Amino acid sequence: MYTTTGTVAAEDDTTERTVTHTVTGLTKVIDGVKTLVMWDRDYQDGALVESELAFFAQDNAGAVWLFGEYPEEFENDKFIGAPNTFIHGISGSQAGIAMQAQPRTGTPEYVQAHAASVGFLDCARAYEDNVALCVPTDCYEGVLVIDEHNPLEPDVGHQRKFYSAGTGLVRVTAEGGVKQETLDLEKIEQLSDAQLADVNKQALELDQHGYEVSKDVYAKTAPAEDATKTP
């Protein structure tokens, strides 16, 4: 489990933000492709604002693809819906490349996923490489910077995501936009078997809840499965 912490600064206030990224032991088949289920939880000033399942798969060339997201939203600790759900192959949504197999600066932008029904169009490019930086977990060299933005939301600006080989995301910054976000990798935790089993249980409950919440999209998918359990 990876934990990033930082702040989001707007014109009128600054919010403390913590995001946990957990690799579950679950898989979910989407349009014939077995994807790995990630579970992200987003906290602002200590309160949960989003709990999201995201679905990734790697092709034979090494590129990692994003096949969809199921993000539940919360306000004042109460569930308020999952209006930004999208799944590849449903309602015209299309998977995209979350990370290229061999990202190189100076190459064209690529689409990370497109879901017109929810206004999702994340585009990215390799912005800079061989960056050195230090965050609470360690100091890293040879860091790759990916620039991401949604052309449908120009006021949001761009995100810069810093990736270290063998670790993953170590920093997030903002460029332009009405909010300025900075997140650093604060903690890396290797889950025990018992902790992973608990994560899988909670993620499965979130998956099952999606069938009640998103009847037009998520309910059309195959249920997630716990790949850590032997048949």
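Before any of the text, the structure's been laid out above.
Residues numbered from 1 in each chain as written. Predicted model: local features only at pLDDT ≥ 70, side-chain atom pairs only at ≥ 80, totals over all residues. Heavy atoms only, no water.

Draft legend 1. Just the overall build of the chain, in detail. The secondary structure content of the chain amounts to 1 helix and 15 strands. Over its C-alpha trace the chain gives a radius of gyration of 17 Å, about what one expects of a compact globule, namely 17 Å for 231 residues. By principal-axis analysis of the C-alpha atoms, the chain measures approximately 45 × 40 × 40 Å. Buried residues in the chain amount to 45% of all 231 residues. Partitioning the contacts of the chain with sequence separation of at least 6, the portion at a separation of at least 24 is 42%. Carbon and sulfur atoms make up 49% of the accessible area of the chain, which totals about 12,200 Å². (Helix = DSSP H or I, 4+ residues; strand = E, 2+ residues; numbered from the N terminus. Rg over C-alpha atoms; globule rule 2.2 N^0.38 Å. Buried < 20%, exposed > 50% of the residue type's maximum accessible area, 1.4 Å probe, protein only. Contact = heavy atoms within 4.5 Å. Areas by Shrake-Rupley, 256 points an atom, 1.4 Å probe, with all protein chains shown as cover.)

Draft legend 2. Highlighting the pairing of strand E10 (residues 120–135). The pairing of strand E9 (residues 110–115) with E10 spans 5 bridges and is classified as antiparallel. Residue pairing for E10: tyrosine 110 is matched across the bridge by alanine 124. Across 9 bridges, the pairing between E10 and strand E11 (residues 138–149) is antiparallel. Across the sheet, valine 135 pairs through a bridge with aspartate 138, a residue of E11. Taking the residues between adjacent antiparallel strands as the criterion, E10 and E11 are bridged by 2 residues. (Pairing = 2+ DSSP bridges.)

Draft legend 3. Quick peek at the nonpolar core. Core analysis: the largest hydrophobic core is formed by 21 residues, its most contacted members being Leu26, Leu53, Phe55, Phe67, Tyr70, Ile87 and Tyr218. Broken down by secondary-structure element, the contributors of at least two residues to this core are strand E2 (14–30), strand E3 (33–44), strand E4 (47–58), strand E5 (64–75) and helix H1 (193–213). If one sorts the elements of this core by residue count, H1 sits on top with 4 residues. In this structure, tyrosine 218 is in contact with Lys28, Leu53, Phe55, Tyr70, Thr85, Ile87, Asp207, Gly210 and Tyr211, ignoring residues within four places of it in sequence. Counting 9 residues, the second-largest nonpolar core is a separate cluster that includes Leu133, Val135, Val145 and Phe162. (Core = buried A, V, L, I, M, F, W, Y, C linked by side-chain atoms within 4.5 Å.)

Draft legend 4. Up close: the pattern of salt bridges. Throughout the structure, instances matching the rule amount to 8 salt bridges. Between arginine 17 and glutamate 181 there is a salt bridge, with its nearest N and O atoms 1.8 Å apart. In this pair, arginine 17 is assigned in strand E2 and glutamate 181 in strand E14 (residues 180–188), connecting sequence segments 164 residues apart. For arginine 17, a relative accessible area of 18% gives the class buried. Salt-bridge contacts for lysine 161 lead to glutamate 148; the nearest nitrogen and oxygen are separated by 3.2 Å. With a gap of 13 residues between them, lysine 161 in strand E12 (residues 158–164) and glutamate 148 in strand E11 connect regions that are remote in the sequence. Taken individually, lysine 161 and glutamate 148 each receive the classification buried, so the pair is uniform in this respect. (Salt bridge = Lys/Arg side-chain N within 4 Å of Asp/Glu carboxyl O.)

Draft legend 5. Highlighting H1. The terminal C-alpha atoms of H1, which comprises 21 residues, lie 30 Å apart, in line with the 30 Å expected from a rise of 1.5 Å per residue. All of the buried residues along H1 are Val199, Asn200, Ala203, Leu204, Leu206, Asp207 and Gly210. Angular distribution of buried residues about the axis of H1 spans 160 degrees; they occupy a single face of the element. For H1, the exposed residues lying more than 90 degrees away from the buried face are Ala194 and Glu212. The inward-facing, buried residues of H1 abut E2, E3, E4, E5 and strand E15 (225–226). (Expected span 1.5 Å × (residues − 1). Arc of directions from axis to C-beta.)

Draft legend 6. A look at the side chain of lysine 28. Mapped onto the elements, lysine 28 comes out in strand E2. In this structure the side chain of lysine 28 is engaged in a polar contact, spanning 3.1 Å, whose partner is the side chain of threonine 221. Within the local environment of lysine 28, its side chain forms a polar contact with the backbone oxygen of alanine 222, the two atoms lying 2.7 Å apart. What lysine 28 contacts, discounting residues up to four positions off in sequence, is Val33, Lys34, Thr35, Val37, Phe55, Asp207, Tyr211, Tyr218, Thr221, Ala222, Pro223 and Ala224. (Polar contact = N/O pair within 3.5 Å; in protein donor to acceptor, adjacent residues only side chain to side chain.)

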